[in-house]
Amino acid sequence: MRHVPDRERRARLARRHALAPGHRAAGPEAATRAVAVLHSTEPASVYLSIRARVDGVEIADIDRALYEDRSLVKQLAMRRTLFVFPRDLLPAAWGSASARVADQLAARLAKEVEAAGHAADGAAWLAEARAGVLAALGDGRALTAQEIRQAVPALEARLDLAPGKKYAANVSIAPRVLTQLGVEGLLVRGENAGHWRISKPRWTLMSDWLGDVPPRAKADEGYAELVGRWLGSFGPGTEDDIVWWLGSTKGAVRAALAALGAVEVSLDGGGTGWVLPDDPLLDGGPEEEVDPWAALLPVLDPTVMGWKQRGWYLGEHAPHLFDTNGNAGTTAWWDGRIVGCWVQDDAGVVEVRLLEKLPRAAKAAFRAEAERLTDWLAGVKVGTVYPSAAMKVVDWVHP
């Protein structure tokens, strides 16, 4: 069995994820394919993830891919998370990961509708609301959530969630319905009505957005396609890594691995990983080393979030860089390992915060990366609802 040490995995990461100089991607689409899909929970992360992987990319280039060429499309899928997908990967998600989430969310929403007293039959209420939204967006119209609520009176309803609990909330039902239609692949978050770092989409029919909507894959075929893309970008990875990323079951992952003819490899620490059968590392020699490199990645970047078992690139820094729910803040990478994070001051200047002692070359590389990111942001300050402990420290003291 081929053994793949952590050192080799980090060299593969540098190349495959287009992070090391000389291995960067040619454009937004290539940068997205390098990591299978981009996290889009926070809209700014899409832009910053692409910026880290494409030399000279501009906001307009990313907007063009998202809103004009529509070669990159937002879709709720794995783990009930919003991602940016390469357009050709959408059918795989629709038939597998998105379908799984859609069933879960629909059942929950129907129960919430009934509990709130809006209808005795929550599923029937949802079907009627779905029809109303689709009608409102007919004839090629694109509307904001507020405009849709005005057009579909049922969406003015509200829900009392977790009554009696300290986290109880009274929320609008409209976002839940729109999310449901989005995960079903009927609607899409189209053009953004706000700044690139803010999510204010105009919702539109997927058929209008894409023009030609391909048929969704069968569930097993969809899962196999998604797992194959993950292995191509993140392999070798363990079964637990894939199950976590896919948000599905071990049975679905094992079936996908079998369909792909995936090959087992051994990992440092005694674990077993998987790679595609045509992975070059199976040809024999070790992965060629990559010159030491620095990168500054945004909140929830796919490289940071791509594996469940992260010790080989994260070390013991998780408490400083992830919140209690497992969401990653910004990260600073040196030679394939996470060694800190980055923040902005009041003027928007990027500051790197290190969690361990590094050589002079690393510190110089981070200064250059911080200047490059500061220039690219041009004074724009990027906020987050997922700040890590290291990001929140007021007076940072370097080790």
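Located above this text is the structure these notes cover.
Keep in mind that what you see is a predicted model, and the values were worked out from it rather than measured.

Draft legend 1. The packing of helix H3 (residues 43-53) against helix H17 (residues 360-377), seen in detail. Here H3 crosses H17 at 130 degrees, and the two axes come no closer than 12 Å. Taken together, H3 and H17 sit at an angle that is classed as oblique. The handedness of the crossing between H3 and H17 is right-handed. Contacts between H3 and H17 involve Tyr47, Leu48 and Arg51 from the first element and Arg372, Leu373, Trp376 and Leu377 from the second. Along the lines of polarity and charge, the residues of the contact of H3 with H17 split into five nonpolar, no polar and two charged.

Draft legend 2. Local environment of unusual backbone geometry. Between glycine 235 and the following residue, proline 236, the backbone shows a cis peptide bond with an omega angle of 5 degrees. Tracing the backbone through its elements, the reader meets proline 236 in the loop between helix H11 (219-234) and helix H12 (239-246). Located in the positive-phi region is arginine 79, a residue other than glycine, with phi close to 60 degrees. The residue arginine 79 is located in the loop between strand S3 (72-76) and strand S4 (82-86) in this model.

Draft legend 3. Spotlight on the packing of helix H6 (residues 97-115) against helix H9 (residues 174-183). Taken N-terminus to C-terminus, the directions of H6 and H9 make an angle of 155 degrees; their axes are 9 Å apart at the nearest point. Classified by the interaxial angle, the pair formed by H6 and H9 is roughly antiparallel. Like other packed secondary-structure pairs, H6 and H9 cross with a definite hand, here left-handed. Contact residues: H6 offers Ser98, Val101, Ala102, Leu105, Ala106, Arg108, Leu109 and Glu112, while H9 offers Arg176, Val177, Thr179, Gln180 and Val183.

Draft legend 4. The pattern of salt bridges, seen in detail. Evaluated as defined, the whole model comprises 20 salt bridges. Here glutamate 8 makes a salt bridge to arginine 2, at a shortest N to O gap of 2.7 Å. No difference in accessibility class separates glutamate 8 from arginine 2, as the two residues are buried. Ionic pairing is found between aspartate 279 and arginine 16, a salt bridge with its closest N-O pair at 3.3 Å. Residue aspartate 279 is located in the loop between strand S10 (272-275) and strand S11 (294-297), and its partner arginine 16 is located in helix H1 (residues 6-16); the two are separated by 263 residues in the primary sequence. Overall, arginine 16 belongs to the partly exposed group, its relative accessible area being 22%.

Draft legend 5. The side chain of glutamine 180, seen in detail. Within the fold, glutamine 180 resides in helix H9. Aside from chain neighbours lying at most four places away, what touches glutamine 180 is Ala102, Leu105, Ala106, Leu126 and Arg130.

Draft legend 6. How the structure looks around the sheet that holds strand S2 (residues 38-39). Pairing is antiparallel in the open sheet, where three strands are placed in the order S2-S4-S3. The outermost strands of the open sheet, each flanked by one partner alone, are S2 and S3. In this sheet, S4 lies alongside S2 in antiparallel orientation, the contact comprising two bridges. Pairing of leucine 38 across the sheet is with valine 84, part of S4.

Draft legend 7. Representation of H6 within the structure. Across its 19 residues, H6 extends 28 Å between first and last C-alpha, which sits within 8% of the 27 Å expected from 1.5 Å per residue. When H6 is considered as a whole, its buried residues turn out to be Ala97, Ser98, Val101, Ala102, Leu105, Ala106, Leu109, Ala110, Glu112 and Val113. In the stretch just after H6, glycine 117 is the one whose phi turns positive, near 80 degrees.

Draft legend 8. How the structure looks around a positive patch on the surface. On the surface, Lys357, Arg360, Lys363 and Arg367 cluster together to form a positively charged patch. By the secondary structure assignment, arginine 360 is in helix H17.

Draft legend 9. Here's a closer look at the environment of leucine 257. Position of leucine 257 among the secondary structure elements: in helix H13 (residues 250-260). A relative accessible area of 4% places leucine 257 in the buried class. When the C-alpha atoms of leucine 257 and glycine 228 are compared, they prove to be 8.1 Å apart, with 29 residues separating the residues in sequence. Ignoring any residue separated from it by four or fewer positions in sequence, one finds leucine 257 in contact with Val227, Leu231, Ile242, Ala262 and Trp274.

Draft legend 10. Highlighting the packing of aromatic side chains. Under the defined criterion, the tally for this structure stands at 11 aromatic pairs. Judged by centre distance (6.4 Å) and plane angle (15 degrees), the ring pair of tryptophan 293 and tryptophan 333 falls under stacked. Within this pair, whereas tryptophan 293 is found in the loop between S10 and S11, its partner tryptophan 333 is found in strand S12 (residues 331-334), the two being separated by 40 residues in sequence. Here tryptophan 293 matches tryptophan 333 in class, with each residue buried. Residues tryptophan 307 and tyrosine 313 carry aromatic rings whose centres are separated by 5.3 Å and whose planes lie at 55 degrees to one another, so their mutual orientation is tilted. You can call tryptophan 307 buried: its relative accessible area is 2%. Clustering of aromatic rings is evident, with ring pairs tying together Trp230, Phe234, Trp293, Trp307, Trp312, Tyr313 and Trp333. The ring of tryptophan 312 has arginine 9 lying over it, and the distance from NZ or CZ to the ring centre is 4.0 Å. The side chain of arginine 70 reaches across the aromatic face of tryptophan 209, ending 3.6 Å from its centre.

Cut-offs used in this document
- Residues numbered from 1 in each chain as written.
- Predicted model: local features only at pLDDT ≥ 70, side-chain atom pairs only at ≥ 80, totals over all residues.
- Heavy atoms only, no water.
- Axes fitted to C-alpha atoms, helices over the stretch in contact; angles between N-to-C directions.
- Helix = DSSP H or I, 4+ residues; strand = E, 2+ residues; numbered from the N terminus.
- Parallel < 35°, antiparallel > 145°, perpendicular 65-115°, else oblique.
- Left-handed = near helix turned anticlockwise from the far one by under 90°.
- Contact = heavy atoms within 4.5 Å.
- Nonpolar A, V, L, I, M, F, W, Y, C, P; charged D, E, K, R; others polar.
- Salt bridge = Lys/Arg side-chain N within 4 Å of Asp/Glu carboxyl O.
- Buried < 20%, exposed > 50% of the residue type's maximum accessible area, 1.4 Å probe, protein only.
- Pairing = 2+ DSSP bridges.
- Expected span 1.5 Å × (residues − 1).
- Patch = residues over 30% accessible without salt bridge, like charges linked within 9 Å, V, L, I, M, F, W, Y side chains within 5 Å.
- Areas by Shrake-Rupley, 256 points an atom, 1.4 Å probe, with all protein chains shown as cover.
- Lys, Arg positive; Asp, Glu negative; His and termini not counted.
- Charge placed at Lys NZ, Arg CZ, Asp CG, Glu CD.
- Phe/Tyr/Trp six-rings, centres within 6.5 Å; stacked < 30°, edge-to-face > 60°.
- Lys NZ or Arg CZ within 6 Å of the ring centre and 35° of its normal.

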